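# Descriptive analysis of the structure
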Amino acid sequence: MGKTILILNGSPRKNGNTSALVEAFARGAEEGGSKVVPVFLGDMTIHGCKGCFGGGKNPDSPCVQKDDMEKLYPVYRQADVVVLASPLYYWSISGQLKTAFDRLFAVAECDPGYRNPPKESVLLMAAEGHGFEESLYWYDRLEQHIGWKSLGKVLCGGVMAVGDIQGRPELEEAYRLGRSIG
């Protein structure tokens, strides 16, 4: 039986290069037998974390803020794998992805030790340039601190305009990575 994969697409462009990586990955994962739940964060209203430590009282609705994160929490809890997909913005992930990920802390607050639910993860990124070092540092430390296991990363530099990614080997790499997870 395949895994359940939640894809958090933090690109503001629905048909951009990051979304092309997401589509290739999702196609491979589905063909490999996984259930894929893609989420385009740009269509959601998600407010920044208030740092109030007021969450965790209700596992079904863990955050004190009530916005579109309510749609993500149940899927997140059920997911075996979380894919973080983002364009490179100022040498890091997009604000859309960071805001949503910060709000997942409310789920960790449901655990008395603030432990995050165990997950596997993937990083998919596209960029105009090639400076992924800071993003990789953040992702690797994140995995280490919250106890997740990375299944892989696909980074595609040199793609700025919508469609620049077409024909690039990173699309096949994303597809193969998705397929390997099932």
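First things first, this report covers the structure right here in the doc. Computed from a predicted structure; not experimentally measured. (Residues numbered from 1 in each chain as written. Predicted model: local features only at pLDDT ≥ 70, side-chain atom pairs only at ≥ 80, totals over all residues. Heavy atoms only, no water.)

### Structural notes on the packing of aromatic side chains
Scanning all chains against the criterion turns up seven aromatic pairs. For the ring pair F101 and W138, a centre distance of 6.4 Å and an interplane angle of 80° mean the geometry is edge-to-face. Of the two residues, F101 is situated in helix 3 (residues 95-103) and W138 in helix 5 (residues 133-146); the sequence distance between them amounts to 37 residues. Under the relative-accessibility criterion, F101 is labelled buried at 10%. (Phe/Tyr/Trp six-rings, centres within 6.5 Å; stacked < 30°, edge-to-face > 60°. Helix = DSSP H or I, 4+ residues; strand = E, 2+ residues; numbered from the N terminus. Buried < 20%, exposed > 50% of the residue type's maximum accessible area, 1.4 Å probe, protein only.)

### Some words on helix 3
Of the residues making up helix 3, those classed as buried are L97, A100, F101 and R103. Down the axis, helix 3 shows its buried residues gathered within 160° of arc, on one side only. The elements touched by buried residues of helix 3 are strand 1 (4-9), helix 2 (69-78), strand 3 (81-87), helix 4 (105-108) and helix 5. (Arc of directions from axis to C-beta. Contact = heavy atoms within 4.5 Å.)

### What about the environment of V122?
Of note, V122 is situated in strand 4 (residues 120-126). It is 8.9 Å that separates the C-alpha atoms of V122 and L177, two residues lying 55 residues apart in sequence.

### Points about the side chain of S121
Turning to its location among the elements, S121 is positioned in strand 4. One polar contact links S121 to Y139, side chain to side chain, over a distance of 2.8 Å. Reaching out from S121, the side chain makes a polar contact with the side chain of E143 at a distance of 2.5 Å. For S121, the contacting residues outside a window of four places in its chain are V81, V82, Y139, E143, W148, K149, S150, L151 and G152. (Polar contact = N/O pair within 3.5 Å; in protein donor to acceptor, adjacent residues only side chain to side chain.)

### Concerning the side chain of S86
Within the secondary structure layout, S86 lies in strand 3. Judged by relative accessible area, S86 falls into the buried class, the value being 0%. Apart from the residues lying within four places of it in its own chain, the contact partners of S86 are T18, I93, S94, L97, L124, M125 and A126.

### Let's talk about the layout of surface pockets
In this approach a probe as big as a water molecule rolls over the atoms, and the regions it shows empty are the leftover space. Counted as a void, the largest pocket has a volume near 220 Å³. Looking at the largest pocket, it is lined by 14 residues, and the ones nearest its centre are R13, P87, Y89, V159 and M160. Looking at side-chain class alone, the lining of the largest pocket contains eight nonpolar, four polar and two charged residues. Along the walls of the second largest pocket sit K98, F101, D102, L104, F105, N116, W138, L142 and I146, which together make up its complete lining. (1 Å grid on protein atoms, 1.4 Å probe; cavity = no way out; pocket = protein on both sides within 12 Å on 5 of 7 lines; lining within 4 Å. Points joined across faces, edges and corners; volume = space filled by probe spheres on them. Nonpolar A, V, L, I, M, F, W, Y, C, P; charged D, E, K, R; others polar.)

### Topic: the sheet that holds strand 1
Across the sheet, five strands lie side by side as 2-1-3-4-5; this open sheet has parallel pairing. Across the chains shown, the open sheet's two edge strands, defined by having one partner strand only, are strand 2 (35-40) and strand 5 (149-156). Direction aside, neighbouring strands of the sheet carry axes that sit 15° apart on average. Two strands pair when backbone bridges link them, and strand 3 and strand 4 are joined in this way by seven bridges, in the parallel orientation. Within the sheet, the bridge partner assigned to V82 lies in strand 4 and is S121. Along the sheet, helix 6 (residues 169-181) contacts strand 1, strand 3, strand 4 and strand 5; its crossing angle with strand 5, the most-contacted strand, is approximately 165°. (Pairing = 2+ DSSP bridges. Axes fitted to C-alpha atoms, helices over the stretch in contact; angles between N-to-C directions.)

### A look at the pattern of salt bridges
Applying the stated criterion to the full structure yields 11 salt bridges. For E31, the salt bridge is made with R179, and the minimal N-O distance between the two is 3.2 Å. Linking E31 in helix 1 (residues 17-31) with R179 in helix 6, this pair joins segments that are 148 residues apart in sequence. For E31, a relative accessible area of 42% corresponds to the partly exposed category. (Salt bridge = Lys/Arg side-chain N within 4 Å of Asp/Glu carboxyl O.)

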